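Next come the chains, spelled out residue by residue.
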Amino acid sequence: MELLIIGVIGVLFGCGTYLLLQANLLQIIVGLALFSHGANLALMVSGGLKRGRPPLLTIGAPYADPLPQALILTAIVISFGVTAFALVLAFRTKQVCGSNDVDALAGGEE
Amino acid sequence: MNVPFLLSILIFLPFFSAAFPFSGRLRRTVGPFATAIPAVQCLILSTLWPDVRNGGKLLAVWTWLPDLGLRLGLALDGLSWLFACLIAGIGVLVFLYTASYLQDDPHLPRLYRFLLLFNGSMMGVVFADNLILLSVFWELTSIASFLLIGFRAQRPAACDGATKALLLTAAGGLVMLLASFLVFAQHHTFDLSVLLANSASLPLVIGLCFLAGAFTKSAQFPFHIWLPSAMEAPTPVSAYLHAATMVKAGLYLVARLSPLFAGDPLWSTAIISIGGLTLLWGGVVACKQTDLKALLAYSTVSQLGLIMLLLGLRTETAFLAALLHIVNHAAFKGALFLTAGAVEHATGTRNLHQLGGLWTAMPLTTVAALLATLSMAGLPPLGGFVSKELFYEAALGTAPWFAAVAVAASVFTFLYSFLLFYGVFFAPPGERPHAHETPLGMLIPIMTLSGFALAFGLVPPFAGGLIDPAMTFLCGRPTHSHLALWHGLTPALGLSVLTVAMGGAVFLWRDAFIPSLRTRKAPYSFDQAYSDGVSSLNAFAVRLRTRYMTGHLGDYVAYLMVALLLGIGLPLWWFYRHTPFILDIAPAERYEIGLALLMAIGGIGCCCFRARVPLVLSLGLVGALVSIFFVLFSAPDLALTQILVESVGIVLFLLAFRFLSPIERKPVAWGKRSLQLALSVGSGLLVTLLLLAANIGQLYPSVVAPFYLSNSYLLAGGRNVVNVIVVDFRGYDTMGEITVFSVAALAVFAMIRLGPKGNPGPIDHPPPLPPSVILRAIARLTLHLMLLFSVYLLLRGHNAPGGGFIAGMLTAVAVILQMVAFDLRTFIQEIPWNPLRIVMAGLAVSASTGLGALCFGYPFLTSAFGHFHFPLLGEVELVTAALFDFGVYLVVVGTTLGIIRTIAED
């Protein structure tokens, strides 16, 4: 199971990288979002994958590792904030510079 | 008195005084105030004389970084005392002089600040016992010198001179720092006193690195080029830093380290050859100069070379000559520089062609300058004569040809001394005869310095008293030098007579060669080499930068990825290429494989779709599948959070779309496309490999998890361990996290509402959809249900899946659903005030919960809980962490709604 998830994480990171290398800011933002999904899953895997053992003390041991979950919980929310921020950044870029294309925005000499 | 205290006063008093505000009426007092600082230093130093006179050595050590063996040590001995006396003594005179020299300069306080900064740093250099501390102060003097040379920053020459001095001396300082680390690597200490006490001997490599620092600082050939350029500094600065003190730091370093290289003939050879070359070169070039300060600068170069050479000879006579000449040079060169300043002050020029005949207008200055000149030329009965005699004695003790070099150098010294003096005061008047006597404030320092130059000759024991303690350090035993003007008929006296005769002859026939020497232009100079070097380095840097700094974001990402692949991927593959990956593989169910494949397809879909809606739906698919995996792998909290965030995220993307330009399919070069693909595949593989390596066999079971699991209920009263970690165990983290999250809302708000609007360009407004009755009905119906459920999630969070994040997101989703179903106005009706206020309220609640713990004497964010029995409700558990969680809830609601509303409104 871990192998499978690790493989999927690899695919997510590969796709994220591909999108980051593209010119449109929207694609770049989607790429970042894929990265954060991949990173969250990677944290999850690092704690070991257990089926049906949520870390709720009402159900009895053994439990899944709660620490990665706590870390991921905040990471999900933060990455939402980052995505929102990036989207607004792109939107303002369009407004001020007239384009979302990073190649068109490329600065000249100095 | 307490010596450590006095030493720190010596070093830090100027630093603190430099920060004193001299504005308004206080501005007038800056001169006397600043002059008082070195005067206090002089007093302190005089009280310390009994401690050092018999070769005493005092250490003051404070612990600095004990783990690294770093001690903050200050040491007082004869050598540092002598240099400190120079710094403080010349300091008093120069500070006094400056006040009247730059009387009307509006930036006078700034000049004094820099001078004080220099004074303190220089004191630090001579008292530092720790090599690192020494380097710090050493570089500080370079910085002070930079600031002082560039004091008239509106002049390009001043900026160039300042930069040149800084580049050369700071570079030397860095090499010196390297030497210090090499010393530590070998002897495990940075303390000079320890090295000296163990009579450690250091290898030549270290010695050469130290010499690089000393030679650049003391303007030795071929690094001397910065000193003439440094003459752009105001004249008192030149007298203080670039004649009397800072340039002697290199000499101090060589003298200080001398015992450590006692057994190394190459160390001496290096110093003697460079010093000798500098002595001759500086002397010859000085004769060419027509600018007073340039002449003095080259003469300083030459004299520094002389002292360096003497330190390299390492005989007792040579050491004595070196120390005496350090003192002499400070006196006569200081006086001459200050005279040059006075002449410029009086006539407005420093050009020898324009000057002449000033002795009638400035008789007192002339007398003072005459004494200094005689001392520089090495004539009796001045101090310079005594040190030159000693120089000859030391040279005669070495080799005959060496004595010849010494005489030749002294002839040049004689020549330029009188070229200067005669040219200014007695030559036929040039174009600017108008002059006036030097004002008293400037005259007193000049006459004092000349007086010292005379006193060192007439009263040799006076000079002896100053330098004997330092001799003790250099010779390794207490010495009492027997300095005298008259040594009897010695060979050295013969050489002196010869020097005067030759020098006089050359001076009389000067017209035969000086004019042609002055007009001759060197085909290529070291200055030229320096500026060529700097400009070609700049050109190279520009060329290099324009090659790789393309301005295209994609290129930079590609660099990062290549660096990651090479830097992490290769070693990873190398280390693990034979390791079998043992994984705790729960066999994957068929549906799980299906889900994983679907997720991969979603990811690839994100790459392939150009149309924006399918793109975002693909991203949403990935997010939804992630939350399913969270469900499968025992993370209910994560699954809830993820699915809610994903819904809000989709709305966000759809809202933002209207404003973003569509993704065009642009033709991309085949090579670039394949590079992108290769990098993507590579980074995917890299992450896979990294994770495989990190998860090999789960070798390290978590030690943290059992703690949380077993203490969650005991310490925090919660059964949902994830939530307990978030709001209690790692509450600090969460506090920071919600702060960051709310900053995102603020930033979004600021970016949209503030700043230039620019040209929005065409916005493709979709045609308004007909209102969906079903959606509206459902939205109406579910609003209160969802809100109620979110409150439930919030309350039960401590013991069951839920909590502030999830509940907050759910509340936001409920409100956003209304907005989607109805319109923005409905949204604003639901939340009539600015959501940012909710954010602030939430932060305040969380923070004050944490601070509440402080009131009860517990660390920030400690939670308390208790179980209470209420009638009707039964057993109820109250946890302060729930209050904290409520703050989180408010922040999440406020931030999410704030972001969505800000974007939607625009």
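To be clear, the structure that these remarks concern was listed above.
What comes next concerns the included structure. (Residues numbered from 1 in each chain as written. Chains lettered and ligands numbered in written order. Predicted model: local features only at pLDDT ≥ 70, side-chain atom pairs only at ≥ 80, totals over all residues.)

Per the secondary structure count, chain A includes 4 helices and 0 strands. Starting at the N terminus and ending at the C terminus, chain A contains elements arranged as α-α-α-α. Taking 2.2 N^0.38 as the reference for a compact globule, 110 residues should give roughly 13 Å; the C-alpha atoms of chain A span a radius of gyration of 19 Å, well beyond that estimate. For chain A, the spread of C-alpha atoms along the principal axes amounts to about 65 × 25 × 20 Å. Put simply, chain A has 110 residues, and 65% of those count as buried. At a minimum sequence separation of 6, the contacts of chain A that also span at least 24 residues come to 54%. (Helix = DSSP H or I, 4+ residues; strand = E, 2+ residues; numbered from the N terminus. Rg over C-alpha atoms; globule rule 2.2 N^0.38 Å. Buried ≥ 20, exposed ≤ 12 C-beta atoms within 10 Å, placed from the backbone. Contact = placed C-beta atoms within 7 Å.)

A few words now on helix 5 (residues 131–149) of chain B. Taking 1.5 Å of rise per residue, 19 residues should cover 27 Å, and helix 5 of chain B covers 27 Å from first to last C-alpha, within 8% of that figure. Of all 19 residues making up helix 5 of chain B, 16 are buried, and the element is well covered by its neighbours. (Expected span 1.5 Å × (residues − 1).)

We now examine the packing of helix 3 (residues 78–101) of chain B against helix 14 (residues 316–347) of chain B. Residue and element names in this part refer to chain B. One way to put it is that helix 3 packs onto helix 14 with a least axis distance of 11 Å and a crossing angle of 5°. Here helix 3 lies roughly parallel to helix 14, going by the angle between them. Along its contact with helix 3, which presents Leu82, Leu86, Ile90, Tyr97 and Tyr101, the element helix 14 presents Leu323, Ala330, Gly334, Leu338, Gly341 and His345. In terms of residue class, the contact of helix 3 with helix 14 is made up of 8 nonpolar, 3 polar and no charged. (Axes fitted to C-alpha atoms, helices over the stretch in contact; angles between N-to-C directions. Parallel < 35°, antiparallel > 145°, perpendicular 65-115°, else oblique. Nonpolar A, V, L, I, M, F, W, Y, C, P; charged D, E, K, R; others polar.)

A separate point is the nonpolar core. Residue and element names in this part refer to chain B. The biggest cluster of nonpolar side chains holds 201 residues, and the ones touching the most others in it are Leu310, Leu323 and Ala453. The element contributing the most residues to this core is helix 14, with 20 residues. In this structure alanine 453 touches Asn328, Ala331, Phe332, Ala335, Leu371, Ala372, Ser375, Leu382 and Gly383, once residues within four positions along its chain are discounted. (Core = buried A, V, L, I, M, F, W, Y, C linked by C-beta atoms within 7 Å.)

Bringing helix 1 (residues 3–18) of chain B into the picture now. Residue and element names in this part refer to chain B. Between its first and last C-alpha atoms helix 1 spans 23 Å; for 16 residues at 1.5 Å apiece the expected length is 22 Å, and the two agree. Along helix 1, the largest kink reaches about 40° and is centred on phenylalanine 12; proline proline 14 follows within four residues of it. All buried positions along helix 1 are accounted for by Leu7, Leu10, Ile11, Leu13, Pro14 and Ala18. Among the structural elements, helix 2 (30–52), strand 1 (58–65), strand 2 (70–76), helix 3 and helix 4 (108–127) are those in contact with the buried residues of helix 1. (Bend = angle between axes of the 7 residues up to and from the residue.)

So, about the environment of Pro236(B). Residue and element names in this part refer to chain B. Among the structural elements, proline 236 can be located in helix 10 (residues 235–244). Overall, the presence of 26 C-beta atoms within 10 Å leaves proline 236 in the buried class. With 662 residues separating them in the primary sequence, proline 236 and glycine 898 have C-alpha atoms 62 Å apart.

A few words on unusual backbone geometry. Residues and elements named next belong to chain B. Going from phenylalanine 221 to proline 222, the amide bond is cis rather than trans, its omega being 0°. Along the chain, proline 222 falls in the loop between helix 8 (204–217) and helix 9 (226–229). The step from proline 380 to proline 381 runs through a cis peptide bond, and the omega angle for that step is 5°. Note that proline 381 resides in the loop between helix 15 (363–377) and helix 16 (383–396). The phi dihedral of serine 634 falls on the positive side, at around 65°, and the residue is not glycine.

Moving on, we come to the environment of Asn40(A). With respect to the helices and strands, the residue Asn40(A) is situated in helix 2 (residues 25–46). In this structure, the C-alpha to C-alpha distance between Asn40(A) and Gly60(A), residues 20 residues apart in sequence, is 26 Å. With sequence-adjacent residues up to four places away left out, Asn40(A) is seen in contact with Ile72(A), Ala75(A), Ile76(A) and Val626(B).

Looking now at the interface of chain A and chain B. At the junction of the two partners, chain A supplies 83 residues and chain B supplies 99 residues. In terms of residue count, the dominant contributor to the side of chain A that touches chain B is helix 3 (residues 66–97) of chain A (25 residues). Per-class residue counts for the side of chain A that touches chain B are 51 nonpolar, 24 polar and 8 charged.

Below, the discussion takes up the packing of helix 34 (residues 835–855) of chain B against helix 35 (residues 880–905) of chain B. Residues and elements named next belong to chain B. Interaxial distance between helix 34 and helix 35 falls to 7 Å at its minimum, and their mutual angle equals 160°. Taken together, helix 34 and helix 35 sit at an angle that is classed as roughly antiparallel. Remark: the crossing between helix 34 and helix 35 carries left-handed chirality. Here the contact of helix 34 with helix 35 is built from residues that sort into 16 nonpolar, 10 polar and 1 charged. (Left-handed = near helix turned anticlockwise from the far one by under 90°.)

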